[in-house]
Amino acid sequence: MAKGILGKKLGMTQIFTPKGEVIPVTVVEAGSSVVLQNKTVESDGYNAVQLGFGTVKDKKVTKPMKGHFAKAGAKAVKFIRELRLASAPEYKVGEIIGVDVFSEGEMVDITGTAKGKGFAGGIKRHHFRCGPMGHGSKSHREPGTIGPRMSGGGGKVFKGKKLPGRLGGNKVTVQRLTIARVDAARSLILIKGAVPGPKGSFIIIRNTVKPGK
């Protein structure tokens, strides 16, 4: 069965193996994901389970969402996401999913929102090369001319052209990360390596789609 849980990235640290080897890990708080809704092909056209995580003040929740939470018998949550399933979900509405759904050594896929870096030029955004750095050059970090691309009506910039623009802040999935340790007492999961997003951001943890690569 497909497994998944929501969590919050707390930051990075390091742990040591019994042999004394150091392992860099990302600490994720992920101990109280509540099942808000089950979706099936018969009722919604697809199979999925809707999970919620995090706390939010009641005054910041709309009336429709208050009714949605009340129907599930759960408190208001801040972060809500759906996990698609191949078959009908086996979870019960209102059920709490803890970190013990995963175990040490399992491989998972992590989805989060990358850090936003604002407006960036082509060199930082697309790893373009610099122009000549001599004093006579008039173009050091500029993208340079695009040139006329169409005859008759003048030049045109095609969609997808690599140009300066907004960098970061997009949805990122890192696959095949290893769970280094599960601390059920403190509702923590330690994942080997880096996880997308800044500290305090919400992430989705699910079993990897490429287990036998």
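Calculation criteria
- Residues numbered from 1 in each chain as written.
- Predicted model: local features only at pLDDT ≥ 70, side-chain atom pairs only at ≥ 80, totals over all residues.
- Heavy atoms only, no water.
- Pairing = 2+ DSSP bridges.
- Helix = DSSP H or I, 4+ residues; strand = E, 2+ residues; numbered from the N terminus.
- Axes fitted to C-alpha atoms, helices over the stretch in contact; angles between N-to-C directions.
- Salt bridge = Lys/Arg side-chain N within 4 Å of Asp/Glu carboxyl O.
- Buried < 20%, exposed > 50% of the residue type's maximum accessible area, 1.4 Å probe, protein only.
- Patch = residues over 30% accessible without salt bridge, like charges linked within 9 Å, V, L, I, M, F, W, Y side chains within 5 Å.
- Areas by Shrake-Rupley, 256 points an atom, 1.4 Å probe, with all protein chains shown as cover.
- Lys, Arg positive; Asp, Glu negative; His and termini not counted.
- Charge placed at Lys NZ, Arg CZ, Asp CG, Glu CD.
- Contact = heavy atoms within 4.5 Å.

Chemist: For this particular structure, what's the right way to read the sheet that holds strand S10 (residues 171-183)?
Modeler: Two modes of strand pairing occur in sheets, parallel and antiparallel, and in both the strands are linked by backbone hydrogen bonds. Read around the closed barrel, the six strands follow the order S1-S2-S11-S10-S7-S12; overall the barrel is antiparallel. Recorded for the sheet is a direction-independent mean angle of 50° between the axes of neighbouring strands. Bridging between strand S2 (residues 22-29) and strand S11 (residues 188-192) involves five bridges; their strand directions are antiparallel. Bridge pairing in S11 places Thr26 opposite Ile191.

Chemist: What is the right way to look at the environment of Ile191 in this model?
Modeler: By the element assignment, Ile191 lies in strand S11. Measuring from C-alpha to C-alpha, the distance between Ile191 and Ala76 comes to 28 Å, with 115 residues separating the pair along the chain.

Chemist: Can you help me understand the pattern of salt bridges in this one?
Modeler: Going through the model one piece at a time under the given rule, you end up with three salt bridges. In this structure, the salt-bridge partner of Glu106 is Lys3, at a minimum N-O distance of 2.8 Å. A residue pair is termed long-range when its members are at least 10 positions apart, and Glu106 in the loop between strand S6 (96-97) and strand S7 (107-113) and Lys3 in the segment before strand S1 (4-16) qualify at 103 residues. For the salt bridge of Lys39 with Glu82, the shortest nitrogen-to-oxygen distance reads 2.5 Å. Of this pair, Lys39 sits in strand S3 (residues 33-39) while Glu82 sits in strand S5 (residues 79-84), and the two are 43 residues apart along the sequence. Classification of Glu82 as partly exposed rests on a relative accessible area of 29%.

Chemist: Where do I start with a positive patch on the surface in this structure?
Modeler: On the surface, Lys57, Lys59, Lys60 and Lys78 cluster together into a patch of positive charge. Within the secondary structure layout, Lys57 lies in the loop between strand S4 (48-53) and helix H2 (63-72).

Chemist: What's the story with the environment of Arg129 in this structure? I'm lost.
Modeler: Note that Arg129 resides in the loop between helix H3 (122-126) and strand S9 (165-168). The exposure class assigned to Arg129 is exposed, which follows from its relative accessible area of 79%. Placed 13 residues apart in sequence, Arg129 and Glu142 show a C-alpha to C-alpha distance of 9.9 Å.

Chemist: Any chance you could explain the pairing of S10 here in plain terms?
Modeler: Both faces of the sheet carry side chains from a regular strand, because those side chains alternate between them. With six bridges joining them, S7 and S10 adopt antiparallel strand pairing. Bridge pairing in S10 links Gly112 to Val172. Note: S10 against S11, four bridges, orientation antiparallel. When the bridges of S11 are listed, Arg181 appears paired with Leu190. Between the antiparallel neighbours S10 and S11 lie four residues, among them Ser187 with a positive phi of about 55°.

Chemist: Please explain the sheet that holds S5 as it appears in this structure.
Modeler: With antiparallel pairing, the four strands of this open sheet are ordered in space as S5-S4-S3-S6. In the strand order of this sheet, the two ends are held by S5 and S6, each with one partner. Pairing analysis gives five bridges linking S3 to S4, with the strands arranged antiparallel. The partner of Val34 across the bridge, within S4, is Gly52. Strands in contact with H2 are S3, S4 and S5; relative to S3, the strand with the most contacts, it is inclined by about 95°.

Chemist: Explain the side chain of Thr26 here, please?
Modeler: Inspection of the secondary structure puts Thr26 in strand S2. In this structure, Thr26 is in contact with Lys9, Gly11, Met12, Ile189, Leu190, Ile191, Gly193, Ala194 and Val195, ignoring residues within four places of it in sequence.

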